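A closer look at the structure
One-letter residues, chain by chain:
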Amino acid sequence: MLTDEAGGKSPRTSLHGLWSSKMAFVLAVTGSAVGLGNIWKFPYIAGQNGGGAFVLVYLLCVFLIGMPVMMSEILLGRRGRRNPVGTMELLGEEEGGSRNWRWLGGIAVVGGVLILSYYSVIAGWTLGYVYKSALGEFNGATAESVNAIFGGFIGDWRMVALVHTLFMGITVAVVARGVERGLEQAVRFMVPALLVLMLALLGYSINSGHFAEGVAFLFAPNFDQLGWDGVLAALGQAFFTLSVGMGAVMAYGAYLPQETSIPGTAAIVVVADTAIALLAGLIIFPIVFANGLNPAEGPGLVFQTLPHAFGQMTGGALFACIFFVLLSLAAWTSAISMMEPSVAWVVERFGRTRAQAATMIGSIIWIVGFGTVLSFNVLSDFKFYKGTIFDNVDHLTSNIMLPVGGFFIVVFAGWVMCRNSSSEELGGAGTIYSIWHFLARFVVPVAILFVFLKAVGLIPELS
Ligand code: TRP
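Quantities reported herein were computed from a predicted structural model and do not represent experimental measurements.

1. Overview of the packing of helix α5 (residues 102–134) against helix α7 (residues 157–177)
- At a minimum axis distance of 7 Å, the contact between α5 and α7 shows a crossing angle of 105 degrees. Taken together, the axes of α5 and α7 lie roughly perpendicular to each other. On α7, the residues touching L116, S117, S120, V121, A123, G124, W125, L127 and G128 of α5 are V160, V163, H164, L166, F167 and M168.
- Residue composition of the contact of α5 with α7, by class: 10 nonpolar, 5 polar and no charged.

Spelled out as structure tokens, the structure:
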């Protein structure tokens, strides 16, 4: 899928080739964006933060902050055509006279390792659920039996370690062979199939008798429910779900042909990603209310609601199995993008082969992942700051590293980079360019800074 020719007037070429088509890139970024963040994380965080008001802030963050950051990442990646560390070093020198911008690329390497360390564990849960559904464990399930199955599964650290290992294994295997092979096919099939299955599930939710309650929970904003840490969570989730803020999209942008429209690509990805997250919410909350479950249940929410729905359907075991296979695929295409920055860095910086780099980075991630594996069983009582090890890694990456990374990415693209360079990448200085430039220079940095200061209580409430 990657070709060796640099497109158009590109002054640089990527060491790893280019995407063969615009479609290939859109699919790769969509594959990165659509994942556990949409189906596992969005509903449970929305549930923990009271629903409607959180969702509204989340949508604002996605469109006003996430999307300009995504455009900035792609444009920087394409201009530098290297791994995020190399790209930021090169562009920093070229545009800003400082090689220290490479430390921003360093966030991509560290962030990718930390995020994948827990992402792989949750993706492992979905693999485990493929197996459980195939065995028909959820047939005729009650709320209690589903909870017992979930609790028993994550409570056994050896099981979780096994599925975490399995998932890291398949991720390393793909990254080692090069991102291009297999990824396009996987996404081309997975996203439509996931959508069809989710629409079927939506049918179930609509008939659950509690659809209106679910819709109200998700869309009726009640701002009393949302503190500033909730707003920070919405901001973090916007970054997480779009895969931006740590250079994953920058790494993919390095392989983008010169003539492809960056704003057009970003718009498609953002809309598709948002639609899938909202759909997940519309499916899950009616099931929650129909069964008297707790919307603020936490990371187990999807694993405790959906099997219940499947358990009541005819042919439910088959549907459940297909659903968890698709969710695993979605997680897989996301995980691949988390490894790309660090693997490309090791290949370019240390002259290793992709296979060596992927194995090395993958092993580090696998080891770090045990912090999360044990967070739900052996070390579940070991809590500090935000909670378990998993809670802290999640908070540190989603709510701190991604917004900080995004802040510096837009500051670089909007303030340090000269207008000629950025407008050349974004297709000329038209209206879209002006809107992006304004958002990147003012709205995004100020909003991120404001939410941070509010969340740590440095700006007092007006009352
Ligand atoms: N966006 C993915 C999801 O929603 C997760 C993901 C992939 C990601 N690559 C990333 C998150 C890079 C942050 C940074 O599941």
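Following the structure, the description resumes.
2. Some remarks on the site of the ligand
- Lining the immediate surroundings of the ligand are 17 residues, of which A33, G37, Y119, F240 and S243 lie closest.
- Secondary structure elements with two or more residues in the shell around the ligand: α1 (22–33), α2 (36–48), α5, α10 (228–242) and α14 (316–350).

3. What about the confidence of the model for the protein chain?
- Confidence along the protein chain averages 91 in pLDDT terms, with 96% of residues attaining 70 or more.
- Under a pLDDT of 50 for its full length, residues 1–10 has, in the predicted model, 30 contacts with residues more than four places off or in other chains.

4. Things to note about the pattern of salt bridges
- Summed over all chains, the structure comprises 9 salt bridges.
- Between R12 and E94 there is a salt bridge whose closest N-O contact spans 2.2 Å. Of this pair, R12 sits in the loop between β1 (2–3) and β2 (18–19) while E94 sits in helix α4 (residues 84–96); the two residues are 82 residues apart in sequence, bridging distant segments of the chain.
- Its salt-bridge partner being E425, residue R78 comes within 2.7 Å of it at the nearest N-O pair. Residue R78 is found in helix α3 (residues 52–80), and its partner E425 is found in helix α18 (residues 419–425); the two are separated by 347 residues along the sequence.
- Judged by relative accessible area, which is 2%, R78 ranks as buried.
- Given the relative accessible area of 3%, E425 is considered buried.
- One salt-bridge network, in which partners are shared between bridges, spans R78, R79, E424 and E425.

5. Here's the deal with a nonpolar patch on the surface
- Judged by side-chain polarity, L56, L60, F63, L64, F223 and V271 come together as a nonpolar surface patch covering roughly 550 Å² of accessible area.
- A per-element tally of the nonpolar patch places α3 first, with 4 residues.
- Looking at where V271 falls in the secondary structure, it is placed in helix α12 (residues 262–290).

6. A closer look at α4
- The buried count for α4 comes to 10 of 13 residues, which makes it a mostly enclosed element.
- Listed in full, the buried residues belonging to α4 are P84, V85, G86, T87, M88, E89, L90, L91, G92 and E95.
- For α4, the elements touching its buried residues are α3, α5, α11 (248–253), α14, α17 (389–416) and α18.
- Among the residues trailing α4, G97 stands out with phi positive, at a value near 70 degrees.

7. Observations regarding unusual backbone geometry
- Backbone geometry at S243 places phi at a positive 65 degrees, although glycine is not the residue there.
- With respect to the helices and strands, S243 occurs in the loop between α10 and α11.
- S243 gets classed as buried once you look at its relative accessible area, which sits at 13%.
- Phi at Y385 takes a positive value of approximately 45 degrees, unusual for a residue other than glycine.
- Mapped onto the elements of the fold, Y385 is located in the loop between α16 (370–373) and α17.

Reading guide: rules and limits
- Residues numbered from 1 in each chain as written.
- Predicted model: local features only at pLDDT ≥ 70, side-chain atom pairs only at ≥ 80, totals over all residues.
- Heavy atoms only, no water.
- Axes fitted to C-alpha atoms, helices over the stretch in contact; angles between N-to-C directions.
- Helix = DSSP H or I, 4+ residues; strand = E, 2+ residues; numbered from the N terminus.
- Parallel < 35°, antiparallel > 145°, perpendicular 65-115°, else oblique.
- Contact = heavy atoms within 4.5 Å.
- Nonpolar A, V, L, I, M, F, W, Y, C, P; charged D, E, K, R; others polar.
- Near = heavy atom within 4 Å.
- pLDDT = per-residue confidence, 0-100.
- Salt bridge = Lys/Arg side-chain N within 4 Å of Asp/Glu carboxyl O.
- Buried < 20%, exposed > 50% of the residue type's maximum accessible area, 1.4 Å probe, protein only.
- Patch = residues over 30% accessible without salt bridge, like charges linked within 9 Å, V, L, I, M, F, W, Y side chains within 5 Å.
- Areas by Shrake-Rupley, 256 points an atom, 1.4 Å probe, with all protein chains shown as cover.

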